[in-house]
Amino acid sequence: MQPQVSIRLPGRLFPVFHPLLYSGVEMPIPANCSVKEFLCRQLNLELVYIENRIQTIFLNGRAVDDLEQAMVTAGSTLALSAAMPGLVGACFRRSGTYSLFRSNVTFQEGLPPKTDDQGRVTVKLFNLIAGEAGPAILEKGVYLPAQTLLERVQTLSPRVAPDLEFHLNDEPVTALELSARLSKKTEVLLRVLGTGT
Amino acid sequence: MDKILRIDMGAAGGPQMKVEALGGYAGMGGRGMTSAVISKEVPPLCHPLSAENKLVIAPGLLSGSAAAQSGRISVGCKSPLTGGIKESNSGGQASQVLGRLGYAAIILEGKPAKDDLYKIIINQSGVQVLADNSLKGLGNYALMDRIKADHGDKVACISIGPAGEMKMPAASVAFTDMEFRPTRHAGRGGPGAVMGSKGVKVIVLDDAGCKLRPPKDPEKFKEANKRFAQGLKKHAVTGQGLPSFGTNVLTNIINEAGALPTNNFTSGRFSGAAKISGETYAELEKSRGGNPTHGCHRGCVIQCSGIFNDKNGNYLTKQPEYETVWAHGSNCGIDDPDVIAQIDRLEDDLGLDTIEMGATIGVAMEAGLAKFGDSEAAIRLVKEVGQGTPLGRILGSGAEITGKVFGVVRVPTVKGQAMPAYDPRAVQGIGVTYATSPMGADHTAGYAVTANVLGVGGSVNPLSAEGQIELSRNLQIATAAIDATGYCLFIAFAILDQPDTFQDMLDVIGAFIGQELTAAGVTELGKKILSFERDFNARAGFTSKQDRLPGYFKEEALPPHNVVFKVADQDLDQVFNW
Ligand code: SF4
């Protein structure tokens, strides 16, 4: 079993953990499903939010146009972003006018699926999506390399650090203790819990 | 804006000024003005640093008015980097101030017989051209301190740093921002070298006593301008994405797509991308008392810029743009935001094009002058450019020359100009624009306004091979037109998505000039500008052979998707076949 780390913080401080979402965290996937199903069921996102806000989606680095056709399998990497500026930002938009410009890197049916014995998907959330959908995902729990978490914790600004409470396997610990006890671990299950503002 | 200021820097007895009516240039602004003047008045075969070349500085058609987002300025010349026509575009305060002073263009002509350096002062009461050799060798920041002492900080400045004085093909022209810092640059194509060849260090613009340019139909203008600004604010990109994270919001996305040129275009993925992304910069800026949401000139509604402070909370530079972060980050294997910000500051100070320099250092690293990822070496190489050492002179001449000197084959240039931050093997459509733009490889040459909005070039069949050609053509036409208005290209997304906002923009322009403007009119303007530019290049000796990407883009597969550039040459030749 991986060590379980939970971090409690005032909701306004969630952004200090956004960098984990930019580089990607892992979440379990019970069975292969479409991108749309994954977003709705695993990430609990509302359809209207997905349609209007998540304008740019990559599955294994390929831009997705059809959310029902593209299949998420264990081992996949799914990245979510709002609409992006500039011509190239516009290119990567779902079914946008310029999607032809990036046809070389568009997700197509029939591409060999990724596989992963652990039954997990790497999820990346960028820009506005990290702020909007990130807290719920971090609360639900994500897997990540212990070293990645420690790097984040160790580089927290001294202005922020006192507002954070750490628990390791349900036992309260300081940031220093957390670092010491995780230093030899490879992976953790992390939950970040917001406690008011 | 009913007059043109010409200054003959080579006149017998010293620089001579002439203010004249617009004549045949009436109705032209920004890129329309610069390209019309260069195409008509500059001998295409002249040496770019000779007396025959001209430097044209032109505010957009709406600059100096209350139109939101209309403070972009164009600088035109025959480029010392490409040998073709050049329009380089910048933000900053100068466009609005020059517009209010009533000038549709400043044209620097001739070349001083001696190597005196000049300061030009333009205000309501006239123009002075003064030799001031004490300004020689000053970086743009130190120069602004000097100007501030003499003229205060309410003026706007257009200047060159040491790179421009040394006439380097990568030299930029700097424009001061709202805080009177020289952070905005017309960088592409070496216009700073042309300004240096004219012996002009700085142009000080003082609009004290001047009024906003009045629209022909004030009521309609005010209403349309208000609706246009609201349209920008309500759109996710212009109202939230850009103000929150700046243009560097693209780093994570382009990296995820496998299109972020890394280690001199050898990969489309950079492992350190998240560390230098716009999201990371925004947090860093906030934590150090900087500001990720800031305009580059007054009247900007979107505010994609920002203020970057160093570790001690002191101002270092503006928030680095996506192009800088790519150029000095992934392209050189560097993932330290502070190092990239330091280089941004250096380039602004020395007056260098950030894209050209990043690409050049990538080529230098490939040549073995430094290792990819070596931050200290990257900083040292940029400093060498400023010092004008023999190596610095080579690097300051751009990626192509550097590649030649050091025998590097993988040199990412078109028409001698370095490619920006998107690998054309992953995003083929942008490769079409890089290849065919009269400007050389240029990402802003085809922006996100298209057939669907402007109704140009017929309807695109997205499944056809010709689709990319047609889209690129339409984009280039639309971009040329927007560049003439003074509008910032970032309005594109909102006007693409929101037909009402597009109409509001047309209404703003129409109410300002007192003449209804249609999408067809915008298209005609864009085509006219591109025709000037293509015609100049043809007379300068350019053929379709220059409308090509370097061969390795067709041969070397780009990881992670292992793709090559596949658009056929004969298709590229159809881009301007309208
Ligand atoms: S959106 Fe950005 S580039 Fe455009 S005018 Fe505003 S600050 Fe300048």
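The rules behind these values
Residues numbered from 1 in each chain as written. Chains lettered and ligands numbered in written order. Predicted model: local features only at pLDDT ≥ 70, side-chain atom pairs only at ≥ 80, totals over all residues. Heavy atoms only, no water. Helix = DSSP H or I, 4+ residues; strand = E, 2+ residues; numbered from the N terminus. Contact = heavy atoms within 4.5 Å. Polar contact = N/O pair within 3.5 Å; in protein donor to acceptor, adjacent residues only side chain to side chain. Domains from an automatic or database assignment. Patch = residues over 30% accessible without salt bridge, like charges linked within 9 Å, V, L, I, M, F, W, Y side chains within 5 Å. Areas by Shrake-Rupley, 256 points an atom, 1.4 Å probe, with all protein chains shown as cover. Salt bridge = Lys/Arg side-chain N within 4 Å of Asp/Glu carboxyl O. Expected span 1.5 Å × (residues − 1). Buried < 20%, exposed > 50% of the residue type's maximum accessible area, 1.4 Å probe, protein only. Pairing = 2+ DSSP bridges. Axes fitted to C-alpha atoms, helices over the stretch in contact; angles between N-to-C directions.

What about the environment of Glu187 of chain A?
All names here are of chain A. Relative to the elements of secondary structure, Glu187 occurs in strand S12 (residues 187-194). Linking Glu187 and Gln147, residues 40 residues apart in sequence, is a C-alpha distance of 7.8 Å. For Glu187, the residues in contact, after removing those within four places along its chain, are Gln2, Pro3, Glu26, Arg120, Tyr143, Leu144, Pro145 and Ala146. At 3.1 Å, the side chain of Glu187 and the side chain of Gln2 are in polar contact.

Observations concerning the domain arrangement of chain A
By the assigned domains, chain A splits into domain 1 (1-17 + 134-197) and domain 2 (31-117). Here domain 1 of chain A and domain 2 of chain A have C-alpha centroids that lie 29 Å from each other.

Thoughts on a nonpolar patch on the surface
A surface patch of nonpolar side chains, about 230 Å² in accessible area, is lined by Ile401, Val405 and Phe406 of chain B. Among the secondary structure elements, Ile401 of chain B is positioned in helix H15 (residues 399-406).

What about unusual backbone geometry?
Residue and element names in this part refer to chain B. Look at the link from Pro559 to Pro560: it is a cis peptide, with omega at 5°. Within the secondary structure layout, Pro560 lies in the loop between helix H22 (552-555) and helix H23 (569-572). Unlike most non-glycine residues, Phe180 shows phi in positive territory, near 60°. Relative to the helices and strands, Phe180 resides in the loop between strand S10 (173-175) and strand S11 (184-186).

Regarding helix H1 (residues 30-41) of chain B
The terminal C-alpha atoms of H1 of chain B lie 17 Å apart, and with 12 residues this matches the ideal 16 Å at 1.5 Å per residue to within 8%. Burial of H1 of chain B is extensive: 10 of the 12 residues sit out of reach of the surface.

With respect to the sheet that holds strand S1 (residues 3-8) of chain B
Residues and elements named next belong to chain B. Read across the sheet, six strands follow the order S2-S1-S6-S3-S4-S5 without closing on themselves; strand pairing throughout is mixed. Strand pairing shows two members of the sheet lacking a second neighbour, strand S2 (16-21) and strand S5 (85-90), which therefore form its edges. In this sheet, neighbouring strand axes are inclined to one another by 20° on average, regardless of whether the strands run parallel or antiparallel. Looking at chain direction, strand S4 (residues 73-78) and S5 are connected through six bridges and run antiparallel. Counted as the bridge partner of Lys78 is Ile85 from S5.

Details of the sheet that holds strand S13 (residues 291-294) of chain B
Residue and element names in this part refer to chain B. If you walk across this open sheet you meet the three strands as S13-S14-S15, and the pairing is antiparallel. With partners counted over all chains shown, the strands left at the sheet margins are S13 and strand S15 (315-318), one partner each. Each neighbouring strand pair of the sheet contributes to a mean axis angle of 25°, computed without reference to strand direction. Where strand S14 (residues 305-309) and S15 come together, three bridges link them in antiparallel fashion. Bridging from a neighbouring strand, Ile307 pairs with Lys318 of S15. Across the sheet, helix H11 (residues 337-350) lies against S14 and S15, angled at about 75° from S15, the strand it touches most.

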